[in-house]
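Breakdown of the fold
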Amino acid sequence: MNPALLRRGLTVATALFTLAVGPGGPPAVAADGPGSAPYLPRPTGPDAVGTTSLHLTDDSRPDPWASGVDARELMVSLWYPTASPNGRRAQYMTATESELLLGEGGITGVPSDVLSTTRTNAFADARPAGHARGLPLVVLSPGFTKPRATLTTLAEDLASHGYVVAAVDHTYESVATTFPDGRVATCTACEVPHDEAFWNRLVTGRAADVSFVLDELTGAHAKWGGAGLIDPSRIAMAGHSVGGASAVTSMVADSRVRAGIDIDGATQIPLPEGGSSQPFLFLGRQAQYSPGSGGGAVATWERDWQRLTGWKRWLVVEGAEHASFTDVGLLAEQLGIDIGAGLPATRAAEIVRRYTRAFLDLHLGHRPQPLLDKPSMRYPQVHFCIPRTSTCV
């Protein structure tokens, strides 16, 4: 695989708002941009949503990026249904995280802490609701350099429909991970040469992170008070960019992951020759992932498609950019920053939430989902692809 293409597809394209950067410098904020704080769209499900954070330490392995650190520390955010909303909305991210994320994208003209003021819909530390072993679990993995917070819109929506959602900050791979004692880990992995070996190491490490998180949420000594609500037989993983590529690797490495979704991420580590019979969904940009359009990122999907032997779909979204699939596109639009997408950010978010939930409802909830059978008049921007004939309809 071409390392230069990987860098372009997985680093440059994922940098916050960088699609808006032109030759004249960092993107400017539109003069008529909204003056109020950014906000996330409301969840569409019937349940109120609670959220909390866990600080987990894996003493069984050294950190893959921090020299001399003999344990792997992770921060995980959980979203879940609650019948006891407390009126206190969770903070989206800290002011320091906002500053570092905006700085990564070269964003000027907005307050450095603006993302920390983003209005969320989940209630901080609200009591979980549900029946014992009654809730499926979805693990989310963000793109390289991105905090777990950038998948909040998807997480809140899934939780409002009865899912427990665990988003993992892969420490030293994000611009900022804040621990309860105030320490902020920055992107040490960003300083490593981004060749093919780097991406393989990154994805393999993320699979190990996910397995550890599953241990901590479903094992005999679970670290979350609501862990008894999780059905350990109904676990899936979804991710954006390299987080999506990690979903493929995690599904193969850990049999507890019963289904996976790759959202706009080239898959670095090929599926083994024996393939995988687990259900899988590819969801990506039309411009990047239409089959038959050339080598590079799309070729990795075409390779792995042949080795997916179970239920599978390949969907592309017309007018979307890389950032369209996460909160990055939503927040950019509200701040008046053009990321180059032809599809409005709210529409992109609706598509991601709806098709992700349809996949999970089908494979974890065993409820028929006609939306996944053929193109929908309601979502004409979503095209179903047939790699064998290099067509999308």
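Residues numbered from 1 in each chain as written. Predicted model: local features only at pLDDT ≥ 70, side-chain atom pairs only at ≥ 80, totals over all residues. Heavy atoms only, no water.

All right, on to the packing of helix H8 (residues 327–334) against helix H9 (residues 345–363) then. Axis separation between H8 and H9 bottoms out at 9 Å; the angle between their running directions is 160°. When the axes of H8 and H9 are compared, the pair comes out roughly antiparallel. Relative to H9, H8 is oriented so that their crossing is left-handed. Between H8, through Gly329, Leu330 and Glu333, and H9, the contact on the second element is made entirely by Ala345, Thr346 and Ala349. The residue inventory of the contact of H8 with H9, partitioned by class, reads three nonpolar, two polar and one charged. (Axes fitted to C-alpha atoms, helices over the stretch in contact; angles between N-to-C directions. Helix = DSSP H or I, 4+ residues; strand = E, 2+ residues; numbered from the N terminus. Parallel < 35°, antiparallel > 145°, perpendicular 65-115°, else oblique. Left-handed = near helix turned anticlockwise from the far one by under 90°. Contact = heavy atoms within 4.5 Å. Nonpolar A, V, L, I, M, F, W, Y, C, P; charged D, E, K, R; others polar.)

All told, the structure shown has two disulfides when counted by the stated rule. The side chain of cysteine 187 participates in a disulfide bridge whose partner is cysteine 190; the two sulfur atoms lie 2.0 Å from each other. Since a negative S-S torsion denotes a left-handed disulfide, the cysteine 187-cysteine 190 link at about 85° is right-handed. Owing to a relative accessible area of 34%, cysteine 190 belongs among the partly exposed residues under this scheme. Residue pairing for cysteine 385: its cysteine sulfur links by disulfide to cysteine 392, the two sulfurs lying 2.1 Å apart. Negative torsions about the S-S bond denote left-handed disulfides, and the value of about 100° found for cysteine 385 with cysteine 392 makes this one right-handed. Note on cysteine 385: relative accessible area 8%, which makes it buried. Residue classification places cysteine 392 among the partly exposed positions, given a relative accessible area of 29%. For the protein, numbering the cysteines in disulfides from first to last along the sequence yields the connectivity 1-2, 3-4. (Disulfide = S-S within 2.5 Å. Buried < 20%, exposed > 50% of the residue type's maximum accessible area, 1.4 Å probe, protein only.)

Our next topic: the sheet that holds strand S8 (residues 230–240). Strand order across the open sheet formed by 11 strands is S3-S1-S2-S5-S4-S8-S9-S10-S11-S12-S13, with mixed pairing between neighbours. Strands at the two margins of the open sheet, each flanked by one partner only, are strand S3 (123–124) and strand S13 (391–392). Inspection of the sheet shows strand S9 (residues 259–263) paired to strand S10 (residues 280–285) by four bridges, in the parallel sense. Looking at S10, one finds that aspartate 262 is bridged to phenylalanine 282. In the packing of helix H3 (residues 152–160) onto the sheet, contacts are made with strand S1 (48–58), strand S2 (72–82), strand S4 (135–141) and strand S5 (164–169), and the angle to S2 comes to roughly 45°. (Pairing = 2+ DSSP bridges.)

Next up on the list: the side chain of aspartate 169. Structurally, the position occupied by aspartate 169 is in strand S5. Looking at aspartate 169, the relative accessible area reads 1%, which means it is buried. In this structure the side chain of aspartate 169 is engaged in a polar contact, spanning 2.8 Å, whose partner is the backbone nitrogen of arginine 148. Only 3.4 Å separates the side chain of aspartate 169 from the side chain of threonine 177, close enough to count as a polar contact. (Polar contact = N/O pair within 3.5 Å; in protein donor to acceptor, adjacent residues only side chain to side chain.)

As enumerated under the stated definition, the model contains 13 aromatic pairs in all. Aromatic pair phenylalanine 280 and phenylalanine 282: ring centres 5.1 Å apart, planes at 70°, arrangement edge-to-face. Neither residue differs from the other here; phenylalanine 280 and phenylalanine 282 are each classed as buried. Ring centres of tyrosine 289 and tryptophan 301 lie 3.9 Å apart, and the angle between their planes is 15°; on these two criteria the pair is classed as stacked. A residue pair is termed long-range when its members are at least 10 positions apart, and tyrosine 289 in helix H6 (residues 286–289) and tryptophan 301 in helix H7 (residues 297–305) qualify at 12 residues. Judged by its relative accessible area of 2%, tyrosine 289 is buried. In this structure an aromatic cluster arises from ring pairing among Phe280, Phe282, Tyr289, Trp301, Trp305 and Trp314. A cation sits over an aromatic face here: lysine 312 above tryptophan 305, 4.4 Å from the ring centre. (Phe/Tyr/Trp six-rings, centres within 6.5 Å; stacked < 30°, edge-to-face > 60°. Lys NZ or Arg CZ within 6 Å of the ring centre and 35° of its normal.)

Its volume calculated, the largest pocket comes out at about 500 Å³. What lines the largest pocket is a set of 26 residues, among which Ser53, Ser77, Gln91, Tyr92 and Arg148 lie closest to the centre. Broken down by secondary-structure element, the contributors of at least two residues to the lining of the largest pocket are S1, S2 and H3. For the lining of the largest pocket, the class distribution of residues is 11 nonpolar, nine polar and six charged. (1 Å grid on protein atoms, 1.4 Å probe; cavity = no way out; pocket = protein on both sides within 12 Å on 5 of 7 lines; lining within 4 Å. Points joined across faces, edges and corners; volume = space filled by probe spheres on them.)

Here serine 324 shows up in the loop between strand S11 (312–317) and H8. What makes serine 324 buried here is its relative accessible area of 5%. Within the structure, serine 324 has its side chain in polar contact with the backbone nitrogen of glutamate 321 (distance 2.8 Å).

A few words on empty space enclosed by the protein. A complete count under the given rule lists four cavities of 30 Å³ or more for this structure. Its volume calculated, the largest cavity comes out at about 70 Å³. Around the largest cavity, the lining residues are Thr150, Leu151, Thr153, Leu154, Ser324, Phe325, Thr326, Asp327, Leu330, Ala349, Val352 and Arg353. Top contributing element to the lining of the largest cavity by residue count: H9, with three residues. Counted by class, the lining of the largest cavity contains six nonpolar, four polar and two charged residues.

All quantities given are derived from atomic positions and should not be read as evidence of function.
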